[in-house]
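Examining the three-dimensional arrangement
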There are 2 protein chains.
Amino acid sequence: MGTEFLKIMECDDASDIIRDLFDENLKPESEQINVGEAYGRILFEDVYSRMDFPPFNKALKDGFAILSSDSFGASEESPNTLEVIDFLEAGAITDNKVEEGKCIEISTGAAMPDGADAVVMVEYAEKFEDKVNLLTTAVPFQDVAKKGSDIEEGKLILKKGDFLNPGKIGVLLSQGFETIEVYKKPSVGILSSGNEITLQGEELEYGKIYDVNGGMIKNDAVSCGADARFLGVMRDDYDEVKEKIIESLNEVDILFCSGGTSAGLGDVLKHVLDELGEVYIHGISVQPGKPTIVGIIDGKIVIGLPGNPVSALMIFNAFVAEPLTKLAGIDKNFEMKVIKGKITKRIHSQVGRMQYQLVKVDGENILPIFKDSGAIFSLSTADGYVKIPKLVELVDEGEEVEVYLFN
Amino acid sequence: MGTEFLKIMECDDASDIIRDLFDENLKPESEQINVGEAYGRILFEDVYSRMDFPPFNKALKDGFAILSSDSFGASEESPNTLEVIDFLEAGAITDNKVEEGKCIEISTGAAMPDGADAVVMVEYAEKFEDKVNLLTTAVPFQDVAKKGSDIEEGKLILKKGDFLNPGKIGVLLSQGFETIEVYKKPSVGILSSGNEITLQGEELEYGKIYDVNGGMIKNDAVSCGADARFLGVMRDDYDEVKEKIIESLNEVDILFCSGGTSAGLGDVLKHVLDELGEVYIHGISVQPGKPTIVGIIDGKIVIGLPGNPVSALMIFNAFVAEPLTKLAGIDKNFEMKVIKGKITKRIHSQVGRMQYQLVKVDGENILPIFKDSGAIFSLSTADGYVKIPKLVELVDEGEEVEVYLFN
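Procedures and definitions
- Residues numbered from 1 in each chain as written.
- Chains lettered and ligands numbered in written order.
- Predicted model: local features only at pLDDT ≥ 70, side-chain atom pairs only at ≥ 80, totals over all residues.
- Helix = DSSP H or I, 4+ residues; strand = E, 2+ residues; numbered from the N terminus.
- Rg over C-alpha atoms; globule rule 2.2 N^0.38 Å.
- Buried ≥ 20, exposed ≤ 12 C-beta atoms within 10 Å, placed from the backbone.
- Contact = placed C-beta atoms within 7 Å.
- Nonpolar A, V, L, I, M, F, W, Y, C, P; charged D, E, K, R; others polar.
- Pairing = 2+ DSSP bridges.
- Axes fitted to C-alpha atoms, helices over the stretch in contact; angles between N-to-C directions.
- Expected span 1.5 Å × (residues − 1).
- Domains from an automatic or database assignment.
- Least-squares fit on C-alpha atoms with pLDDT ≥ 70 in both.
- Parallel < 35°, antiparallel > 145°, perpendicular 65-115°, else oblique.
- Left-handed = near helix turned anticlockwise from the far one by under 90°.

Across its full length, chain A holds six helices and 28 strands. By the compact-globule yardstick of 22 Å for 407 residues, chain A is too spread out, its C-alpha radius of gyration being 33 Å. Considering only C-alpha atoms, chain A reaches an extent of 100 × 50 × 40 Å along its principal axes. A total of 407 residues make up chain A; the buried ones form 52% of that total.

Okay, here's the thing in structure tokens:
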């Protein structure tokens, strides 16, 4: 019992190492998905227009497609009269051409017929039988959107890293894209450990507790853009942990293990990581969450989180959320959501370690939630946490602080 | 050709009517889902704790479970010696009791054995064979979390309307919840119409364009918390529109129809709605987006959006996003994201109609995107829009404006 840590590491150093391990070992990958299902995904490629848009000279109004010169001089008092030789709805085409003295009735959105260079709106025309009186003069390209006037073929329309919102999805659809290359969601797995851990749906025996971290960290990874799954519960046994880790790393690229107790899994995990790969972090100088362990096995990342759910959640948010969202392609759009406010109650902090203090946000007021770090119910109301640097002993009532908001 | 509008309606009146139609016709519904899949969903019920937590008196440290009175007076200089009669790991139980002079070695997280009322940390104890020297005095309940100290059974732990973030999911898991009742996603369908509309993947004939609104409005509805699907393309034909609407309303509660042209579908839809149900809005005094139509058929909502994608997107965001998110249960958390900034170029607006002007946001600078409203590529860069009230003719360079951001 009792854990020997490799070397307790300062928070900033641990952050740097985790960021570097992600960068060096895991490259962002891409996948092809349907544009119609793309909301919230991140483009993995620059996208160029495939064609002019509009793809033809397009009527912008309901009216009459004419030679503009046929309207010159026309007015309500002295209309010009043309022969109406056809009717063109949007989507239709015709072999008829517009020549001097002739016109084609046309709907908004239709391709301009050959010969015509302007539209006279229906409001400025009087149709009778197969004739029409134009009541106004139209300039060339009046109420016509020229082919390629919105975008020409071969132009950059969207950029790698763009967040696909409905408008950008519309742009892709207008160019006929059926599928598009987006960042693949990083593949994340979570293993829980501990002989006391019971799955929801099973009866809880005396002395046991329900698993929290499996489902909670899974959902936190999902909130960071990952494809995450819970991979089950293992006992704090060397062979079982080793086997489960090997099995899991066949399925995922990033594996979280969280132990029921701070000591148990930490020791076992350290030895398994030493055997199968390399340990880079074993212990971070932070409260709560000290027994965090980070290692690499065959280019995949294994992170041992504290068993205590509050600690596990904080460590995940403080150290892993940023590199994970970066891998998911959303770092450009990701801002660790930080707000400012005033602390409503004095916080005492242990000097020598960075402390993360859970808080509730109420407008400008930041209320510390003082509970033992095992108190899972503080998460019913916690909106985020405040960082108290290692050399600060006290944050006084009324002091301004930054709150790191949970997803 | 040309559309007769029922009565062009002011923006605010249209907003009120749409909000009321949602409230009166569509009640929020709920569904049961797995807690492990609940990220981002909204609770439909108040949730009470099912059991005390911790469910037993729990050791908070690795050490020795003792009768606190057995430690009184103990110190490094003069330790008290106890017999170690058992070892308890987390999740394990024992029939052995702690009595005067005896103790049980215990792991963090284990249930306290009968008789013991305190833990002496391993750091303050020296074990030798089956004995231990206690080097410190422990008070009653030292390093013990009492049963129910975090939460008692029957307490309100989460509220209807709560956004299920990872922490709240953790709270539910700790209480053994396998499933939970959340707001059901509103069921939304989208029909596109127009003879010129071609689906992605098909070859584009001359005079035709690809469908944008089907996929774009679907994704916008998804961004508002809906379960949305594209239901296909129909021709602007009375019988076909009627049949498709009847068919679609068997599947969804809210149906968007968008026409390829501003006139075509509007007329047909008006007549179909008149026959099958009732029209409440036909024409809104807004630029772009005037030919919007809203009706009710058998308690379901049918909304005819402009065919022009930019107009359709604006109308959706300005009039439908809020009631839709409310129905999805996220109105409490929904803030129509609004930011402030300074316009970088003068905007002229037509007096008499509310105008929505697309803009790009660059820090504090708000850049108007001046394009014909058919210009879909303005959506490559648009971040949102500015509202220019009907009696305002001009927004000058440098004026402060509010930007309604797109999802």
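Right, picking up where we left off after that structure.
Contact with chain B, which involves 77 residues of that partner, is made by 77 residues of chain A. Counting residues per element, the ones that place at least two in the side of chain B that touches chain A are β11 (156-158), α2 (166-174), β15 (209-210), α3 (213-223) and α6 (309-327) of chain B. The leading source of residues in the side of chain B that touches chain A is α2(B), at eight residues. Residue classes in the side of chain B that touches chain A are distributed as 40 nonpolar, 26 polar and eleven charged.

Our next topic: the sheet that holds strand β8 (residues 125-128) of chain A. Whether parallel or antiparallel, the strands of a sheet pair through hydrogen bonds between backbone atoms. Residues and elements named next belong to chain A. Here six strands make up an open sheet; going across it, the order is β7-β4-β6-β5-β9-β8 and the pairing mixed. Each edge of the sheet is formed by a strand with only one pairing partner; in this case those strands are β7 (118-121) and β8. On average, adjacent strands in this sheet sit at an angle of 35 degrees to one another, irrespective of strand direction. Bridging between strand β5 (residues 80-88) and strand β6 (residues 102-106) involves five bridges; their strand directions are parallel. In the strand pairing of β6, Glu-83 is matched with Lys-102.

Quick look at helix α1 (residues 11-25) of chain B now. In this model, α1(B) (15 residues) spans 21 Å end to end at C-alpha, consistent with the 21 Å of a helix rising 1.5 Å per residue. Close packing links the buried residues of α1(B) with β18 (278-282), β20 (293-297), β21 (300-305) and α6 of chain B.

Here chain A is partitioned into domain 1 (11-29 + 185-327), domain 2 (36-53 + 153-183), domain 3 (58-145) and domain 4 (338-405). The C-alpha centroid of domain 2 of chain A is placed 35 Å from the C-alpha centroid of domain 1 of chain A.

With an RMSD of 0.0 Å, the fit of chain B onto chain A corresponds to turning through 180 degrees and sliding 0.0 Å along the axis. Expressed as a symmetry operation, the mapping of one chain copy onto the other fits a two-fold axis. Closest approach to the rotation axis within chain B is made by the C-alpha atom of Gly40(B), at a distance of 6.7 Å.

Attention now goes to the packing of helix α2 (residues 166-174) of chain A against α3(B). Contact pair α2(A) / α3(B): the axes reach a minimum separation of 8 Å and the direction vectors enclose 160 degrees. Judged by the inter-axis angle, α2(A) sits roughly antiparallel to α3(B). The chirality of how α2(A) crosses α3(B) is right-handed. Together, Pro166(A), Ile169(A), Gly170(A) and Leu173(A) of α2(A) and Gly215(B), Met216(B), Asn219(B), Asp220(B) and Ser223(B) of α3(B) make up the contact between the two elements. Considered class by class, the residues forming the contact of α2(A) with α3(B) number four nonpolar, four polar and one charged.

Once that is clear, we can look at the packing of α3(B) against α6(B). Residues and elements named next belong to chain B. Running from N to C, α3 and α6 cross one another at 25 degrees; their axes reach a closest spacing of 10 Å. When the axis of α3 is compared with that of α6, the two are roughly parallel. α6 is crossed by α3, and the crossing has right-handed handedness. Residues Asn-213, Met-216, Ile-217, Asp-220 and Ala-221 of α3 lie in contact with α6, whose contacting residues are Pro-309, Ala-312, Leu-313, Phe-316 and Leu-324.

Residue and element names in this part refer to chain B. Pairing is mixed across the open sheet formed by six strands, whose spatial order is β16-β13-β17-β21-β20-β18. The outermost strands of the open sheet, each flanked by one partner alone, are β16 (227-234) and β18. Within this sheet the neighbouring strands show an average axis-to-axis angle of 20 degrees, counted without direction. Pairing between strand β13 (residues 187-193) and β16: six bridges, direction parallel. By the bridge assignment, Gly-189 is partnered in β16 with Arg-229.

At the junction of Gln287(A) and Pro288(A), the peptide bond is cis and its omega measures out at 0 degrees in the coordinates. For the bond from Phe53(B) to Pro54(B), the omega torsion is -5 degrees, close enough to zero to count as cis. Locating Pro54(B) in the fold gives a position in the loop between β2 (47-48) and β3 (58-59). Despite not being glycine, Phe141(A) has its phi angle at roughly 65 degrees, a positive value. Looking at the element boundaries, Phe141(A) is found in the loop between β9 (131-134) and β10 (144-145). Assessed through the 16 C-beta atoms surrounding it within 10 Å, Phe141(A) is described here as partly exposed. Of note in this structure, Asp143(A) is not a glycine but carries a positive phi near 55 degrees. With respect to the secondary-structure elements, Asp143(A) resides in the loop between β9 and β10.

All names here are of chain A. Position of Phe-163 relative to the elements: it lies in the loop between β11 (156-158) and α2. A count of 15 C-beta atoms within 10 Å places Phe-163 in the partly exposed class. Sequence spacing of Phe-163 and Gly-40 is 123 residues, and the spatial spacing of their C-alpha atoms is 6.1 Å.

The subject of this paragraph is the environment of Ala375(A). All names here are of chain A. Its place among the elements puts Ala-375 in the loop between β25 (365-368) and β26 (384-388). For Ala-375, a count of 21 C-beta atoms within 10 Å gives the class buried. A sequence separation of 93 residues divides Ala-375 from His-282, and the C-alpha atoms of the two residues are 24 Å apart.

The element α2(A) is largely enclosed, with a buried count of nine among its nine residues. Along α2(A), the residues that are buried comprise Pro166(A), Gly167(A), Lys168(A), Ile169(A), Gly170(A), Val171(A), Leu172(A), Leu173(A) and Ser174(A). Against β2 (47-48), β11 and β12 (179-183) of chain A together with β15, α3 and α6 of chain B lie the buried residues of α2(A). One or two steps after α2(A), the chain reaches Gly176(A), where phi turns positive at roughly 85 degrees.

Turning our eyes to something else, we now look at the environment of Tyr39(A). Take Tyr39(A): it is sitting in the loop between β1 (30-34) and β2. Put simply, Tyr39(A) and Val338(A) are 299 residues apart on the chain and 25 Å apart in space, counted from C-alpha to C-alpha. The contacts of Tyr39(A), once residues within four sequence positions are left out, are Leu164(A), Pro166(A), Ile169(A), Asn219(B), Val222(B) and Ser223(B).

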